[in-house]
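Structural description and commentary
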Amino acid sequence: MAETKNKAGVPETLIEPIEMSSLDASFRNEIHSMPNGEELSACFACSTCTAACPIANQWKYKPHQLIRMIILGMRDEVLSSSEIWECLTCFQCQERCPQNVRVTDIFFDCKNLASERGDIPSSIVSLAKELLEKGQLYQVTADWEREDLELEPEVPGLSIEEVKSILKNTRTGKIAGDE
Amino acid sequence: MPSYNLYMGCSVPANYPNYEASMIRVAEVLGMELVYMEDVACCGSPNLRAMDYFGWLVVNARTLAIGEKNGYDIVTPCNGCFGSLKDVLHHLKHDPEDLALVNKELAKMDLELKGSIKVRHFVEALYTDVGIEEIKKKITKPLDGVGIAIHYGCHLLRPADVTEFTPSILDELVEVTGATVIEYPLWKQCCGATVLPINEPLAIRLARDKLKSMTEYGAVFATVVCPACGNQLDLQQLGLRDSYNEDYNLPILLYPQILALAMGMSEEEVGLELNRVSADSILDHLSE
């Protein structure tokens, strides 16, 4: 272990340098004004959220980095990241944040902004279509199982028409229609 | 005994009629009057919240407003529905601007949300309104102390200021049946259900982490109170044989199934044959 690495040459960096001119300062304000985004700027980058996250080990951008990237204004990097969609929504990060930053809720805000500009995984687009066409996520396929248990064969009391008509006029309609 | 607005959502009726039937039966014996809500919508799940926040608000506010008409608490057996309804109600109670926007949409359906309704998970209503002492009186075939691991599920526990759920309720509800609660390190960890449509291998890994932790700490059975968690921990075990070459063979019971059996109901009444990993061995642990 006496050998040391040659220190000459370009030093290694852990992350790519940030291009200051490409930062978008309005991104932080936008998230700040969205549901539960108020505490965004209270983040002091302690990375407790990342320590709490069960899947951060396989992410390029860790939860605390994503929050920092929002504050810096790295709109495109955050909104086109796969990380925000892989969030389990388990709320462990948010629950443990010592600064009350609502990390999971903020990732929901990011997903809404990403959806608005069309950065949305195809499987989620399929779910949007499913909701618009069927008015529910799961249909009864084995009604005999229900009847064997003396339950009504169909989903009791479920209204599908109202869901369709509500979501047709909100972003779900846009997402499903864009395809 | 109180009446409740029973909100089933879509997943339990479609995928877990055994959960629905066992819940209805224990409620009946314990004097809880569960009345199916009429004309209510699917909650849309966290996926709807992710892509269409306002649509998610309106869909769930509509369900809440329908519940407010008779004033009975809304009770649901699904953590996903619970999370959606609780979060939407919490948000709208704290955001008068969004409440006004949502009510403008609801007015078109002759509905209005005031915010007086309460949303509860079935197990919390069972615990609080019936109580452990009353449940105990109905236990005729207690379990023999067999070890059961509990998976509460994320959207029941967190965010705690929204869900207002005490994470010891299920421990007491399992213990009253005569079973022993198995503590395991990953008890608070996610089952992986939400990420299933986005990254299936990741979802499978998360289910595996849970099952591994449960079995390593001595669980003979595990219990869940959510169809999505049930899907992950029960059905995914079949997939784990292929993906990880691992066989956990850990039966996953919906909590009311355990309670119903300990109250003397039959395996047919709780739909035991519908559990994907055979759970028939629970019958061997019931006292006669």
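Residues numbered from 1 in each chain as written. Chains lettered and ligands numbered in written order. Predicted model: local features only at pLDDT ≥ 70, side-chain atom pairs only at ≥ 80, totals over all residues.

**Some points on the overall build of chain B**
A count of helices and strands for chain B gives 14 helices and 8 strands. Against the compact-globule benchmark of 19 Å for 288 residues, chain B has a radius of gyration of 19 Å, which places it among compact chains. A burial count over chain B gives 57% of its 288 residues as buried. Look at the contacts in chain B between residues 6 or more apart in sequence, and 80% of them connect residues 24 or more apart. (Helix = DSSP H or I, 4+ residues; strand = E, 2+ residues; numbered from the N terminus. Rg over C-alpha atoms; globule rule 2.2 N^0.38 Å. Buried ≥ 20, exposed ≤ 12 C-beta atoms within 10 Å, placed from the backbone. Contact = placed C-beta atoms within 7 Å.)

**Considering the overall build of chain A**
When you go through chain A residue by residue, the secondary structure sums to 11 helices and 0 strands. Taken from N to C terminus, the helices and strands of chain A fall in the order α-α-α-α-α-α-α-α-α-α-α. Taking 179 residues into account, the globule formula puts the C-alpha radius of gyration at 16 Å, and chain A, at 22 Å, lies well above it. Counting only C-alpha atoms and orienting by the principal axes, one finds that chain A spans roughly 75 × 40 × 30 Å. Counting only residues that meet the buried cut, chain A has 38% of its 179 residues in that class. Expressed as a percentage of contacts within chain A between residues at least 6 apart in sequence, the contacts between residues at least 24 apart total 67%.

**Overview of helix 5 (residues 79-94) of chain B**
For helix 5 of chain B, with 16 residues, the first-to-last C-alpha span of 22 Å sits near the 22 Å given by 1.5 Å per residue. Of all 16 residues that make up helix 5 of chain B, 13 are buried, and the element is covered over most of its length. (Expected span 1.5 Å × (residues − 1).)

**Details of the interface of chain A and chain B**
Taken together, the 45 residues of chain A in the interface contact 50 residues of chain B. No other element matches helix 8 (residues 122-134) of chain A, which puts 5 residues into the side of chain A that touches chain B. Of the residues belonging to the side of chain A that touches chain B, the class tally is 26 nonpolar, 12 polar and 7 charged. (Nonpolar A, V, L, I, M, F, W, Y, C, P; charged D, E, K, R; others polar.)

**Focus on the confidence of the model for chain B**
The predicted model of chain B has a mean per-residue pLDDT of 97, with 100% of residues at 70 or higher. Here the prediction assigns the complex a pTM of 0.95, and the interface score ipTM is 0.96. (pLDDT = per-residue confidence, 0-100.)

**Some remarks on unusual backbone geometry**
Glycine aside, residues mostly have negative phi, and peptide bonds are mostly found in the trans state. The omega angle of the peptide bond from B:Arg158 to B:Pro159 is -10 degrees, so this bond is cis rather than trans. Note that B:Pro159 resides in the loop between helix 9 (154-157) and helix 10 (160-163). Positioned with a positive phi, A:Ala45 is a non-glycine residue whose angle comes to about 60 degrees. You can see A:Ala45 is positioned in the loop between helix 1 (26-33) and helix 2 (48-52). Exposure remark for A:Ala45: the 13 C-beta atoms within 10 Å place this residue in the partly exposed category. At A:Asn100, a residue that is not glycine, the phi angle is positive and equals roughly 60 degrees.

**Some words on the domain arrangement of chain A**
Entries for chain A in the domain assignment read domain 1 (20-116) and domain 2 (122-178). If you average the C-alpha positions of domain 1 of chain A and of domain 2 of chain A, the two centres end up 30 Å apart. (Domains from an automatic or database assignment.)

**Details of the sheet that holds strand 1 (residues 3-6) of chain B**
The strands making up a sheet associate through backbone hydrogen bonding, with each pair oriented either parallel or antiparallel. Residue and element names in this part refer to chain B. As summarised here, the arrangement of the 4 strands in space is 2-1-3-4, forming an open sheet in which the pairing is parallel. For this open sheet the edge positions go to strand 2 (33-36) and strand 4 (119-121), each flanked by a neighbour on one side alone. Each adjacent strand pair in this sheet contributes to an overall mean axis angle of 40 degrees, direction not counted. Lying over the sheet, helix 5 contacts strand 3 (74-76) and strand 4, oriented at roughly 155 degrees with respect to strand 4. (Pairing = 2+ DSSP bridges. Axes fitted to C-alpha atoms, helices over the stretch in contact; angles between N-to-C directions.)

**Overview of the environment of A:Gly118**
Mapped onto the secondary structure, A:Gly118 falls in the loop between helix 7 (103-116) and helix 8. Separated by 56 residues in sequence, A:Gly118 and A:Lys174 have C-alpha atoms that sit 9.6 Å apart.

**So, the domain arrangement of chain B**
Residues and elements named next belong to chain B. Looking at chain B, the domain boundaries give domain 1 (3-122) and domain 2 (139-285). Computed from C-alpha coordinates alone, the two centres of domain 1 and domain 2 are separated by 24 Å. Facing 24 residues of domain 1, the contacting portion of domain 2 comprises 26 residues. Put simply, the parts of the chain that give the side of domain 1 that touches domain 2 at least two residues each are helix 1 (11-15), helix 2 (17-29) and helix 5. Ranked by residues supplied to the side of domain 1 that touches domain 2, first place goes to helix 2 with 9 residues.

**A few points about the environment of B:Cys81**
Residues and elements named next belong to chain B. Relative to the assigned elements, Cys81 resides in helix 5. Cys81 sits in the buried class, given 29 other C-beta atoms within 10 Å. A sequence separation of 37 residues divides Cys81 from Gly44, and the C-alpha atoms of the two residues are 8.2 Å apart.

**Describing the environment of B:Glu38**
Mapping B:Glu38 onto the fold places it in the loop between strand 2 and helix 3 (45-51). Sequence separation between B:Glu38 and B:Ser3 is 35 residues, and the spatial gap between their C-alpha atoms is 15 Å.

**A look at the packing of helix 12 (residues 200-216) of chain B against helix 13 (residues 227-243) of chain B**
Residues and elements named next belong to chain B. Interhelical geometry of helix 12 versus helix 13 gives an angle of 105 degrees and a closest axis separation of 9 Å. Taken together, helix 12 and helix 13 sit at an angle that is classed as roughly perpendicular. The residues of helix 13 that touch helix 12, namely those facing Ala203, Ile204, Ala207, Arg208, Lys210 and Leu211, are Gln232, Leu233, Gln236, Gln237, Gly239, Leu240 and Ser243. Residue classes in the contact of helix 12 with helix 13 are distributed as 6 nonpolar, 5 polar and 2 charged. (Parallel < 35°, antiparallel > 145°, perpendicular 65-115°, else oblique.)

**So, the pairing of strand 7 (residues 221-224) of chain B**
Residue and element names in this part refer to chain B. By the alternation rule, side chains of strand 7 split into Phe221 and Thr223 and Ala222 and Val224, which are all buried. With 4 bridges connecting them, strand 5 (residues 147-151) and strand 7 associate as parallel partners. Paired with Ala149 across the bridge in strand 7 is Ala222. Sheet analysis places strand 7 next to strand 8 (residues 252-254), joined by 3 bridges and oriented parallel. The partner of Ala222 across the bridge, within strand 8, is Ile252.

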